[in-house]
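# An overview of the molecular structure
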Amino acid sequence: MKNIYKYLLETCERKGAGHIVLIDPDRKNDGSFETYVEIVNNSGADAIFIGGSLMMDGQFHERVAKIKALSNVPIIFFPGGANQLNEHYDAILFMSLLSGRNPQYLIGEQVVSAPIISDLKIETIPTGYLLLDGGGKSTVEFMSASHPIPLNRTDITEAHALAAQYLGMKLVYLEAGSGAQTPVPTETIQTVSEKVDIPLIVGGGIRTPEDAEKRVHAGASFIVTGTVLETSGSSSLMQELARAIHVKEQR
Ligand code: 1GP
């Protein structure tokens, strides 16, 4: 099995940044996975994140298996909780919700998951997850019972990102929340990326190639898009997003 973290770093090095598509394996998307994964396969995206904060039925694991079988790119678990673990992932973002002060998501879910991950032998990628206030109450904010960092408090975001680095994490995830009205501002990304040495993943509310590209130029190593695939179902938009993010491959 290849090393997924290494693959992500090489992708970023070669293409300037990586495009990761988040697929939410909830019932609302049932019947659409074939189409979604085919669009991702043809878009030039570099990986799929699978996960969500709330699952509304018991078909989660079957859907992950289906996505895995269809995908040409690595499948990375973006965990909403230990109950979403299974053997189908190529790697897991072993995340701590550092911006919150809820012990369940700082360390509790991780302890419950660890023996299962060890048993399943899934690669872990230690990630500091910072939730910023993208406007409106996001599902992750509600489910994790944690306060997001105000968008204008770049100092607080920067301090958390540094803490993630000093804790030995390999990635920092700046999350505005799925469907965010306002994505993480470019100024925040620039300030944080100048301060920390580990790669930044940025997601939440990114809907256009322009928005994505600006965030890469500001210092994001990976851009995550989720909702835009569900709402547009557009192959061409997903191709444009990947092209905009792969800044080193542009002519
Ligand atoms: C992943 O939550 C994001 O970090 C995805 O957000 O659904 O708004 O693209 P969108």
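Conventions used here
- Residues numbered from 1 in each chain as written.
- Predicted model: local features only at pLDDT ≥ 70, side-chain atom pairs only at ≥ 80, totals over all residues.
- Heavy atoms only, no water.
- Buried < 20%, exposed > 50% of the residue type's maximum accessible area, 1.4 Å probe, protein only.
- Helix = DSSP H or I, 4+ residues; strand = E, 2+ residues; numbered from the N terminus.
- Arc of directions from axis to C-beta.
- Contact = heavy atoms within 4.5 Å.
- Phe/Tyr/Trp six-rings, centres within 6.5 Å; stacked < 30°, edge-to-face > 60°.
- Salt bridge = Lys/Arg side-chain N within 4 Å of Asp/Glu carboxyl O.
- Pairing = 2+ DSSP bridges.
- Axes fitted to C-alpha atoms, helices over the stretch in contact; angles between N-to-C directions.
- Near = heavy atom within 4 Å.
- Polar contact = N/O pair within 3.5 Å; in protein donor to acceptor, adjacent residues only side chain to side chain.
- Areas by Shrake-Rupley, 256 points an atom, 1.4 Å probe, with all protein chains shown as cover.
- Nonpolar A, V, L, I, M, F, W, Y, C, P; charged D, E, K, R; others polar.
- Right-handed = clockwise from strand over helix to strand, strands pointing away.

### Observations regarding helix α2 (residues 33–43)
Of all the positions in α2, only F33, Y36, V37, I39, V40 and S43 are classed as buried. Summarising the axial view, the buried residues of α2 lie within an arc of 155°, below the 170-degree limit, and thus occupy one face. Each element contacted by the buried residues of α2 is listed here: β1 (18–23), β2 (47–50), α3 (60–70), α9 (227–232) and α10 (235–245). In the segment just after α2, G44 is the residue with positive phi, at about 90°.

### Notes on the packing of aromatic side chains
Scanning the model with the defined rule gives 6 aromatic pairs in all. Here F49 and F78 contribute two aromatic rings whose centre-to-centre distance is 5.5 Å and whose plane-to-plane angle is 20°, an arrangement assigned as stacked. With F49 in strand β2 and F78 in the loop between β3 (75–77) and β4 (91–97), this residue pair connects regions lying 29 residues apart in the sequence. Among the residues examined, F78 registers a relative accessible area of 8% and is labelled buried.

### Quick notes on the pattern of salt bridges
Side chains bearing opposite charge may pair, as long as their charged atoms lie close to each other. Inspection of the entire model under this criterion finds 12 salt bridges. In this structure, the salt-bridge partner of D46 is K15, at a minimum N-O distance of 2.6 Å. Within this pair, whereas D46 is found in the loop between α2 and β2, its partner K15 is found in helix α1 (residues 4–15), the two being separated by 31 residues in sequence. Since its relative accessible area comes to 3%, D46 is described here as buried. Note that R63 is salt-bridged to D57, the shortest N-O span being 2.7 Å. Since its relative accessible area comes to 4%, R63 is described here as buried.

### Comments concerning the sheet that holds strand β5 (residues 123–131)
Here we have 8 strands rolled up into a closed barrel, ordered β1-β2-β3-β4-β5-β6-β7-β8, and parallel in their pairing. Each strand of the sheet is rotated relative to its neighbour by a mean of 30°, with strand direction disregarded. Judged from the 4 bridges that link them, strand β6 (residues 171–175) and strand β7 (residues 200–203) form a sheet pairing that is parallel. Considered in β7, the bridge of E175 is made with G203. Strands in contact with α2 are β1 and β2; relative to β1, the strand with the most contacts, it is inclined by about 180°. Packing of α10 onto the sheet brings it into contact with β1 and β8 (222–225), and relative to β1 it is tilted by some 145°.

### Describing unusual backbone geometry
Positive phi outside glycine occurs at K121, with the angle close to 55°. The residue K121 is located in the loop between α4 (103–120) and β5 in this model.

### Comments concerning the site of the ligand
In the vicinity of the ligand, 13 residues are found, and the nearest of them are Y173, S178, G179, G205 and T227. A distance of 2.3 Å is found between an oxygen atom of the ligand and a side-chain nitrogen or oxygen belonging to Y173. At a separation of 2.7 Å, an oxygen atom of the ligand approaches a polar backbone atom of G205. About the coverage of the ligand: the protein hides 97% of its 310 Å² of free accessible area. Elements supplying a minimum of two residues to the shell around the ligand: β6 and β8. Classifying every residue of the shell around the ligand by side-chain character gives 3 nonpolar, 9 polar and 1 charged.

### Focus: the environment of G136
Residue placement: G136 occurs in the loop between β5 and α5 (139–144). On the basis of relative accessibility, which here comes to 47%, the residue G136 falls in the partly exposed class. As a C-alpha pair, G136 and G177 span 41 residues in sequence and 9.1 Å in three-dimensional space. In contact with G136, not counting residues within four places along its chain, are E141 and Q181.

### Considerations on the pairing of β4
The side chains of a regular strand alternate between both faces of the sheet. Buried residues dominate β4, accounting for 6 of its 7 residues. The pairing of β3 with β4 spans 2 bridges and is parallel. By the bridge assignment, F77 is partnered in β4 with I92. With 7 bridges connecting them, β4 and β5 associate as parallel partners. If you follow I92 over to β5, its bridge partner there is T124. Handedness of the crossover joining β4 and β5 through α4: right-handed.

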